Amino acid sequence: ENLVLQKRNLSLSLKSKQSDISRLELELASVSEDFRLKIEECVSLTDSLEQVRSEVQIVRNQMIQAEADARDQQESGRDVIACLEKTMADKENEWESCRTSL
């Protein structure tokens, strides 16, 4: 009778442990799925971050080029102005010579 009682207690304990194991397996599966989803989210965010970094670098390069182009245009403009001012001075001298020769 004592053995039967022990057997029954062991059987109940085994069923309880099996139930605990099943519950823990379900919790583990849920945690694993949550972890997988978080990893996917991190991968997606990493891709987005890399895309934004790339776009920032492209815009920086465009700004550097635009600044260089602006400097070149400003220098070219100064050269044109200097040339025109010299031409204007020459024409003024010609005009003055013409006027004084009258």
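The structure contained in this document is the topic of the report that follows. Keep in mind that this is a model prediction, so the values were computed, not measured.

Observations regarding the overall build of the protein
- Looking only at helices and strands, the protein features one helix and zero strands.
- Taking 102 residues into account, the globule formula puts the C-alpha radius of gyration at 13 Å, and the protein, at 43 Å, lies well above it.
- Along the first, second and third principal axes, the C-alpha atoms of the protein reach 150 × 10 × 10 Å.
- In the protein, which comprises 102 residues, the share counted as buried stands at 0%.
- In the structure as shown, the protein presents an accessible area of about 9,500 Å², 60% of it carried by carbon and sulfur atoms.

Let's talk about the pattern of salt bridges
- All chains considered together, the criterion is met by eight salt bridges.
- One salt bridge connects R23 with D20, and the closest N-O pair in it is separated by 4.0 Å. Of this pair, R23 and D20 both sit in helix α1 (residues 2–100), three residues apart, roughly one helical turn.
- Its relative accessible area of 42% is what places R23 among the partly exposed residues.
- Given a relative accessible area of 30%, D20 falls into the partly exposed group.
- Its salt-bridge partner being E41, residue K38 comes within 3.4 Å of it at the nearest N-O pair.

Topic: a negative patch on the surface
- There is a patch of like negative charges on the surface, built from D69, D72, E75 and D79.
- Tracing the chain through its elements places E75 in helix α1.
- Taking relative accessible area as the criterion, E75 reaches 48% and is therefore assigned partly exposed.

Here's the deal with the environment of I39
- The residue I39 is located in helix α1 in this model.
- For the pair I39 and V52, spaced 13 residues apart in sequence, the C-alpha to C-alpha distance is 20 Å.

Notes on a nonpolar patch on the surface
- Judged by side-chain polarity, F35, I39 and V43 come together as a nonpolar surface patch covering roughly 290 Å² of accessible area.
- On the accessibility criterion, I39 (41% relative accessible area) is partly exposed.

Things to note about the environment of Q73
- On the secondary structure map, Q73 appears in helix α1.
- For Q73, a relative accessible area of 60% gives the class exposed.
- A C-alpha to C-alpha distance of 33 Å links Q73 and Q51, two positions 22 residues apart in sequence.

Quick notes on the rules
- Residues numbered from 1 in each chain as written.
- Predicted model: local features only at pLDDT ≥ 70, side-chain atom pairs only at ≥ 80, totals over all residues.
- Heavy atoms only, no water.
- Helix = DSSP H or I, 4+ residues; strand = E, 2+ residues; numbered from the N terminus.
- Rg over C-alpha atoms; globule rule 2.2 N^0.38 Å.
- Buried < 20%, exposed > 50% of the residue type's maximum accessible area, 1.4 Å probe, protein only.
- Areas by Shrake-Rupley, 256 points an atom, 1.4 Å probe, with all protein chains shown as cover.
- Salt bridge = Lys/Arg side-chain N within 4 Å of Asp/Glu carboxyl O.
- Patch = residues over 30% accessible without salt bridge, like charges linked within 9 Å, V, L, I, M, F, W, Y side chains within 5 Å.
- Lys, Arg positive; Asp, Glu negative; His and termini not counted.
- Charge placed at Lys NZ, Arg CZ, Asp CG, Glu CD.

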